Structures are given as C-alpha cells and as structure tokens.
Amino acid sequence: MKRRRTGLAAVAAAAVAFAYLVSRQDWWAAALTRLFPTLTQAVFPSATVADLVTQHLQIVLISSAITLLVGLPLGVWVTRPSGRAFRELVAASVDFGQTFPPVAVLALMMPLLGLGTSPAIVALSLYGLFPVVSNTVAGIEAVSPSVLDAATGMGMGKWRILFTVEFPLAARVIMAGIRTSVIINIGTATVAAATGAGGLGSPIYSGINLQNGAWVLEGAVAAALLAMVADSVLAQVERAVAPTA
Amino acid sequence: MIRLENVMKRYGETTAVRGLSLEVAAGEICVLIGPSGCGKTTTLRMINRLIEPTSGRIVVDGHDVTEQSPELLRRGLGYVIQSVGLFPHLTVADNIVTVPRLLGWDRGRMDARATELLALVGLDPREYADKYPRQLSGGEAQRVGVARALAADPPVLLMDEPFGAVDPLTRERLQAEFARIQRELHKTVVFVTHDVDEAIRLADRIAVMRDGQLQQYDTPEQILDHPANKFVHDFMGADRALKRLGRVRVDAVIRADVPVLSANRTADAIAERAACSESRFVYLVDADHRLEGWFDCRALANGASPESAITTVDWREVAVRPDTSLKEALSRMLGLGFRSISVVDGTGVLLGIVGLADIEETMTDSDAHIASVPGGLGGAGEAEA
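Residues numbered from 1 in each chain as written. Chains lettered and ligands numbered in written order. Predicted model: local features only at pLDDT ≥ 70, side-chain atom pairs only at ≥ 80, totals over all residues. Heavy atoms only, no water.

### Overview of the overall build of chain A
When helices and strands are counted, chain A shows eleven helices and zero strands. Secondary structure elements of chain A occur, N-terminal to C-terminal, as α-α-α-α-α-α-α-α-α-α-α. Looking at chain A residue by residue over its 245 residues, the buried ones come to 44%. For chain A, the proportion of contacts with a sequence separation of at least 24, taken over those separated by at least 6, is 73%. Placing the 14 positive and 10 negative side-chain charges of chain A at their respective mean positions leaves the two points 11 Å apart. (Helix = DSSP H or I, 4+ residues; strand = E, 2+ residues; numbered from the N terminus. Buried < 20%, exposed > 50% of the residue type's maximum accessible area, 1.4 Å probe, protein only. Contact = heavy atoms within 4.5 Å. Lys, Arg positive; Asp, Glu negative; His and termini not counted. Charge placed at Lys NZ, Arg CZ, Asp CG, Glu CD.)

### Looking at the overall build of chain B
A tally of helices and strands in chain B yields 19 helices and 17 strands. With the C-alpha coordinates aligned to their principal axes, the bounding extent of chain B is approximately 80 × 55 × 30 Å. Relative to its 385 residues, chain B shows a buried fraction of 53%. Look at the contacts in chain B between residues 6 or more apart in sequence, and 62% of them connect residues 24 or more apart. Each charge class in chain B was averaged separately, 44 positive and 56 negative side chains, and the resulting centres sit 5 Å apart.

### Comments concerning the interface of chain B and chain A
Taken together, the contacts link 22 residues of chain B with 17 residues of chain A. Interface area for chain B against chain A, summed over the two sides, is near 1,600 Å², with a carbon-plus-sulfur share of 65%. On the chain B side of the contact with chain A, B:Phe87, B:His89 and B:Leu102 bury the most area, a combined 33% of that side's loss. Counting across the chain B and chain A interface gives one salt bridge. For B:Arg45, the salt bridge identified is with A:Asp149, shortest N-O distance 3.0 Å. At the junction of chain B and chain A, the tally comes to five residue pairs in polar contact (both at pLDDT 80 or more). For the side of chain B that touches chain A, the secondary structure elements donating two or more residues are α2 (70–75), β6 (77–81) and α4 (98–102) of chain B. (Buried area = accessible area lost by both parts, 1.4 Å probe. Salt bridge = Lys/Arg side-chain N within 4 Å of Asp/Glu carboxyl O. Polar contact = N/O pair within 3.5 Å; in protein donor to acceptor, adjacent residues only side chain to side chain.)

### Brief notes about the pairing of strand β8 (residues 188–193) of chain B
All names here are of chain B. With six of six residues buried, β8 lies mostly within the body of the structure. Here β8 shows two buried faces, one formed by Thr188, Val190 and Val192 and the other by Val189, Phe191 and Thr193. Pairing between strand β3 (residues 29–33) and β8: five bridges, direction parallel. By the bridge assignment, Ile29 is partnered in β8 with Val189. Pairing geometry for strand β7 (residues 156–160) and β8, over five bridges, is parallel. Looking at the pairing, Leu158 lines up with Val190 of β8. (Pairing = 2+ DSSP bridges.)

### A short note on the sheet that holds strand β17 (residues 350–355) of chain B
Residue and element names in this part refer to chain B. The three strands lie next to each other as β15-β16-β17, forming an open sheet whose pairing is mixed. Edge positions in the open sheet fall to β15 (319–320) and β17, since each of these has one partner strand only. Pairing geometry for β15 and strand β16 (residues 340–344), over two bridges, is parallel. Counted as the bridge partner of Val320 is Val343 from β16. Along the sheet face, helix α17 (residues 326–336) touches β15, β16 and β17 and points at about 125° away from the line of β16. (Axes fitted to C-alpha atoms, helices over the stretch in contact; angles between N-to-C directions.)

### Section: the pattern of salt bridges
Residue and element names in this part refer to chain B. For the structure on display, the rule yields 34 salt bridges over all chains. Between Arg3 and Glu5 there is a salt bridge, and its shortest N-O distance comes to 2.8 Å. The exposure class assigned to Glu5 is partly exposed, which follows from its relative accessible area of 26%. Residue Lys243 is joined to Asp239 by a salt bridge in which the shortest nitrogen-to-oxygen separation is 2.6 Å. Owing to a relative accessible area of 9%, Lys243 belongs among the buried residues under this scheme. Look at the salt bridges and you will find they share partners, linking Arg3, Glu5, Arg57 and Asp64 into a network.

### A few points about the confidence of the model for chain B
Residues and elements named next belong to chain B. When pLDDT is averaged along chain B, the result is 87, and 93% of the positions lie at 70 or above. pLDDT under 50 marks residues 366–385. Its contacts with residues more than four places away, or in other chains, come to 27 contacts. In the predicted complex, the global pTM is 0.79; the interface-specific ipTM is 0.80. (pLDDT = per-residue confidence, 0-100.)

### A closer look at the layout of surface pockets
By volume, the largest pocket amounts to about 760 Å³. In this structure, the largest pocket is lined by 29 residues; those nearest its centre are A:Arg80, A:Pro81, A:Arg84, A:Lys158 and A:Glu166. Taken together, the elements giving at least two residues each to the lining of the largest pocket come down to α3 (49–77), α7 (129–141), α8 (145–153) and α9 (158–188) of chain A together with α2 of chain B. Sorting elements by how many residues they give to the lining of the largest pocket places α9(A) first, with five residues. By residue class, the composition of the lining of the largest pocket is 14 nonpolar, four polar and eleven charged. A volume near 610 Å³ is recorded for the second largest pocket. As for the second largest pocket, its lining consists of 23 residues, of which B:Phe281, B:Tyr283, B:Arg339, B:Ser340 and B:Ile353 are closest to the centre. Breaking the lining of the second largest pocket down by element, the ones donating at least two residues are β12 (281–285), β16, β17 and α18 (356–364) of chain B. Its residues assigned to classes, the lining of the second largest pocket comprises ten nonpolar, six polar and seven charged. (1 Å grid on protein atoms, 1.4 Å probe; cavity = no way out; pocket = protein on both sides within 12 Å on 5 of 7 lines; lining within 4 Å. Points joined across faces, edges and corners; volume = space filled by probe spheres on them. Nonpolar A, V, L, I, M, F, W, Y, C, P; charged D, E, K, R; others polar.)

### Observations regarding the environment of A:Gly7
Residue and element names in this part refer to chain A. Position of Gly7 relative to the elements: it lies in helix α1 (residues 2–23). Judged by its relative accessible area of 17%, Gly7 falls in the buried class. In this structure, the C-alpha to C-alpha distance between Gly7 and Phe96, residues 89 residues apart in sequence, is 37 Å.

### Points about helix α1 (residues 40–47) of chain B
All names here are of chain B. Burial runs high along α1: seven of the eight residues are buried. Along α1, the positions that sit buried rather than exposed are Lys40, Thr42, Thr43, Leu44, Arg45, Met46 and Ile47. Downstream of α1 by a residue or two, Arg49 has a phi angle that is positive, lying close to 60°.

### With respect to the nonpolar core
Counting residues in each nonpolar core, the largest one holds 51 residues, and the members touching the most others are B:Ile96, B:Met159, B:Phe178, B:Phe191, B:Ile206 and B:Met236. Setting aside residues no more than four positions away along its own chain, B:Phe178 makes contact with B:Ile29, B:Leu157, B:Met159, B:Phe163, B:Val189, B:Phe191 and B:Leu202. Judged by nonpolar contacts, the second largest core, of 44 residues, contains A:Phe44, A:Val49, A:Leu106 and A:Ile174. (Core = buried A, V, L, I, M, F, W, Y, C linked by side-chain atoms within 4.5 Å.)

### Structural notes on the side chain of B:Thr98
If you trace the backbone, B:Thr98 turns up in helix α4. At 2.5 Å, the side chain of B:Thr98 forms a polar contact with the backbone oxygen of B:Asn95. In this structure, B:Thr98 is in contact with A:Met154, A:Met156, B:Phe87 and B:Arg148, ignoring residues within four places of it in sequence.

The following block contains the structure:
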C-alpha cells in the first residue's frame with residue numbers, strides 16, 4: 001500500500017514536470033539554439049511545443065479510444081461460443097492491421113477522408129488494435145476452465161461471469177495490451193502530420209523537408225518524453241486494476 | 001427428491017448415457033461409480049443442466065429441471081468439483097458467499113454465513129476468512145469448495161469427484177468430515193467417484209455404471225454381497241470382506257471398559273493395578289483422561305521393572321477416532337504392529353480400544369450383523385449417534 005502511494009506520487013510529479021517543461025517555450029528555444037548555433041530558426045515557428053503536444057494528445061486519445069471501443073468487444077466476442085469460429089480470422093486481421101504501414105493507410109484513406117485528422121485517426125486506430133485484441137483474448141483464455149465451470153454450476157449468468165470473473169482475472173493482461181497500444185500510438189501518431197493533422201510530427205516533417213535538424217529533434221524529444229510519462233501513468237492504472245496479482 | 005426418467009445423452013454417433021432411470025431419496029447419498037467414460041459425470045451434469053439430455057426427464061423436488069432457467073435452478077443445487085474452482089481474485093469468505101450474493105443477501109448476513117460455514121468445515125474463520133485461494137493447501141481449498149456449495153443451504157448437493165485430487169490421508173479426513181456434516185445437514189447428495197472404497201464408505205446407495213448404462217443400483221452391502229453381474233463383481237474388487245470394513249465405524253465395536261491408571265504412577269501403584277487387571281495392557285491417562293501411554297502387565301509378571309514396562313505415546317500418532325472406519329483402523333494397526341488400537345476423541349481423551357479380534361469377528365460374522373451395525377457411515381443406524 002505504501003509502495004503504491006509512493007509510486008503514484010512519483011508519477012504525478014513526472015507528469016507535472018513534463019507539463020511545466022512543455023509550457024516553457026523559452027527553454028526549448030534556448031536549448032535548441034545552443035545545440036544548433038548555425039540555424040537562424042532553431043525552434044519550430046508555426047506552433048509552440050505546448051500546442052503541438054496538445055494536438056498530439058488529442059489525436060492519440062481519440063484513436064486509442066476507438067481502438068479500445070472496437071478492440072475490447074472484438075476480443076471478448078471471439079472468446080464467446082458465438083464468435084469462436086472467427087477467432088483466427090480476427091487474429092489474422094488485427095495482425096495484418098499492425099504489419100500494414102500506417103503511412104500507407106494514410107495514403108489510402110486520403111482520397112476517402114481528405115486531409116486533416118480523420119485519416120490519421122483511422123490509421124492509428126487500426127494500427128493499435130493488435131495488442132488490445134490479442135491481450136484481451138489471451139487474458140480471457142487464461143482463466144481456468146474449472147473456475148468457469150464452478151461459476152456456471154453455481155448459477156452465474158454469462159454476463160455476470162464476464163464482468164465479475166473473467167474481466168477481473170484478465171485485467172492485468174488486458175491492461176498491459178492497452179498500455180502497449182497507447183505507447184505505440186504516441187510514437188506512430190507523428191505520421192499524422194503527413195495529412196496535416198498537426199501534432200509533434202509537424203516539426204519533424206517540416207524539419208526533414210527544410211533540412212532543419214533542430215525541428216526534428218524538438219518533435220522527437222517531446223514525443224519520446226510524452227511516451228515515457230504516459231507509460232508510467234498507465235503502469236499505475238495497471239497496478240490499480242489488478243491489486244492482488 | 002431426484003428422479004431420472006429414461007435419460008439419454010447422445011453426442012453425434014456416441015451415446016454417453018442411455019436409458020438411465022434412477023431415484024435418489026431425500027437425505028440420501030447416491031454415489032455414481034464406474035470406469036472413465038461410463039457417463040457418471042455426464043449424468044451429474046445433466047441434473048443441473050450443465051449438459052442438456054437428448055431425451056428423458058429429470059425431476060428435482062417434484063419439478064422438471066427444465067421448468068426454470070438454468071441459472072435459477074443451479075442456485076438451488078450445491079455444486080462441488082474435483083478442481084474446486086475457487087475464484088482466485090476473491091477472499092475465502094467472498095468465495096463462500098457466491099450464491100448468497102447472487103440471491104441478493106445483505107452484507108451482514110453473508111459475513112455471518114461465511115463464518116458459520118468455515119467453522120462447519122473445520123477451518124478457523126478468524127484465520128481463513130480473509131485468505132486468498134492461492135494461500136490454501138489442496139485439502140483446505142476443497143473444504144472451502146464444500147462450504148461454498150452449502151452457502152445458500154441448498155437441499156441438494158452435486159459433487160463431482162470432490163476428494164479426488166488430494167492425498168490419501170487428507171482424503172480420509174475429508175471423507176470423515178463430510179460424513180459428519182451430512183449427518184448434521186441431511187442433504188440429498190449425488191456424488192461421482194471412481195474410488196470404490198470412497199463409494200462404500202459414503203454411499204447410502206451406489207449406482208454402478210458402464211458404457212452409459214446402469215449396471216446395478218443398490219445399497220453398498222447388497223452390491224458387495226449380491227453383484228448383479230460379472231462386471232459389478234469385478235469392479236468392486238476381490239477383497240469384498242475388507243471393503244465391507246469401510247462401512248463399519250470404530251465406535252460400533254469399541255471396548256470402552258479398558259483398565260486405566262491416571263495420577264499415581266509409583267512402581268507399587270503400577271504393580272498393584274497390574275495384579276488386578278484382567279487384560280494385558282493398562283492405559284495411562286492424564287488428569288483430563290487424555291491418553292499418555294500404557295504398560296504391559298505380562299512384561300511386569302515376567303519380572304521386568306515397572307519403568308521398562310511403560311510405553312509413552314503421542315495420541316495423535318497411535319490412536320484412531322470413533323468415526324474412523326474399521327478398514328482404516330485395521331490398516332493403522334498393521335502399520336504400527338499392534339494387536340489393538342486406542343480410540344480417542346478430538347482432544348486425545350481415551351474412549352476405549354479396538355482389538356484385532358473385534359475386527360475379525362465383524363468380518364466373519366453374518367451379513368445381517370454388518371447391516372445392523374449402528375453407525376455404518378451415513379446409514380440408517382445414525383440415529384443413535
């Protein structure tokens with residue numbers, strides 16, 4: 001209990017420190033100017049780091065929310081008698097979703113959805129589906145058959161078993177899948193800039209086009225820090241949902 | 001209480017259970033026994049509709065089981081399985097009140113019930129209520145499994161090899177305790193096992209099955225003495241006389257009038273006690289009548305010193321309980337190399353002894369005698385207990 005509280009405090013402190021660092025545009029300008037003294041524009045001019053991080057988080061939150069809304073029910077469904085026949089098909093599909101490059105999804109989606117955030121959100125949602133679905137399936141399938149037999153034999157209904165037995169017992173594995181999915185999403189979301197969705201990909205893309213290494217570094221460092229903070233926050237959530245494990 | 005009418009279960013080409021008709025009277029233990037694949041577990045699982053029969057009817061307490069939803073039906077039928085299936089994420093107390101929770105009992109009533117049931121199955125509620133299943137031994141987990149099945153006080157218990165996964169010593173203990181609980185609660189029990197000794201010990205009636213068909217359905221005595229066919233005869237085994245001892249409890253043949261010596265243990269006192277004793281051994285007990293040892297009068301008569309004639313023992317190791325079966329008592333005697341064995345209660349108080357000759361007499365006596373022995377486990381003679 002005490003250790004958990006210390007962990008929570010550390011994570012909260014890291015999140016606050018990150019937010020403060022992001023808000024100090026002057027620090028970023030000073031640091032990048034010192035690293036790249038030859039550049040006239042060492043810091044990305046179109047938007048502040050704070051704005052970029054906010055855009056980035058929006059894209060990540062929306063696409064991860066869609067991933068969860070689709071992935072969790074999909075994972076549960078293929079472990080039910082009605083969906084078991086589709087288990088392999090679904091596994092292959094989400095696997096394909098992850099191996100298919102997100103940039104290619106963007107390119108394919110653009111004619112349909114145009115520019116902006118929509119194609120990015122579709123691409124990212126598909127890309128993050130794999131760990132969520134596969135961990136949901138793995139977590140639920142790891143629940144001992146004898147526990148399910150006892151639960152059924154004592155008169156628990158299917159939904160009650162799902163919510164009071166299978167989910168609690170699978171929580172840790174499912175949560176690990178969600179965590180992986182979100183972290184991958186934060187890194188991959190930089191491609192969203194390719195369709196003009198903004199976010200931390202913008203300075204990276206512009207930097208590559210204009211051969212401005214400082215902008216690339218600015219976007220990359222901010223994205224990496226964001227991923228680290230998000231990972232430790234989700235680790236706390238993971239511990240909270242499965243406290244006895 | 002439970003009636004199966006011409007029940008049949010088919011899986012494609014194979015028939016798991018065919019034309020099974022069986023009636024279990026209220027308060028009786030019906031043991032379904034047979035080799036693997038004989039359909040005993042399928043039969044049990046059809047009673048609480050975990051498996052739906054292909055044809056036939058199952059009636060529990062006057063109602064066809066298909067009258068209500070499987071969920072509601074199952075809440076009234078206690079269910080115990082070999083692998084226990086406790087919920088790993090819930091405490092022992094929360095596991096026990098699974099069905100009461102489904103029935104919407106309030107928290108106070110559930111806590112009280114969990115405490116009561118832990119005590120009933122021989123686990124200290126203060127120690128065990130807040131433990132998690134992973135902290136329990138196999139025997140303890142199975143006790144919790146039985147407590148959980150009893151939680152909402154269902155009239156019927158369905159037990160699928162409940163003591164099959166624990167070591168023989170624990171199994172013996174669990175069987176004795178289950179017999180004790182059953183004497184208290186008078187549940188109607190359908191009990192699946194492949195262990196003949198377990199069936200003989202616990203059953204009021206045994207249903208022997210083979211290839212989905214009922215071979216014989218009768219009391220253990222009848223099945224041992226008059227097997228319906230060669231299969232039943234062979235399945236029950238050759239050592240039928242020995243198996244019958246599993247039906248008789250120690251307290252049915254106990255000799256309570258044993259010579260004892262409690263406080264004064266001087267050499268004179270021992271010699272004096274030995275001189276007037278008709279039996280070979282005089283038992284030494286403490287002030288609370290707990291067994292501490294014995295001394296051998298014959299050795300004393302042959303000139304041994306009183307000190308060397310005394311054997312000091314720990315009652316936990318050399319004594320049996322009144323509810324131990326004669327089969328178990330005999331095997332303990334042979335193991336210890338004794339011709340008689342002391343009988344003590346749960347705290348070590350000496351109740352009497354059982355001799356090899358007493359057991360022998362039971363074995364060679366007429367069948368009528370065995371059937372009439374009061375205290376045959378779960379039998380009709382329980383009234384006097």
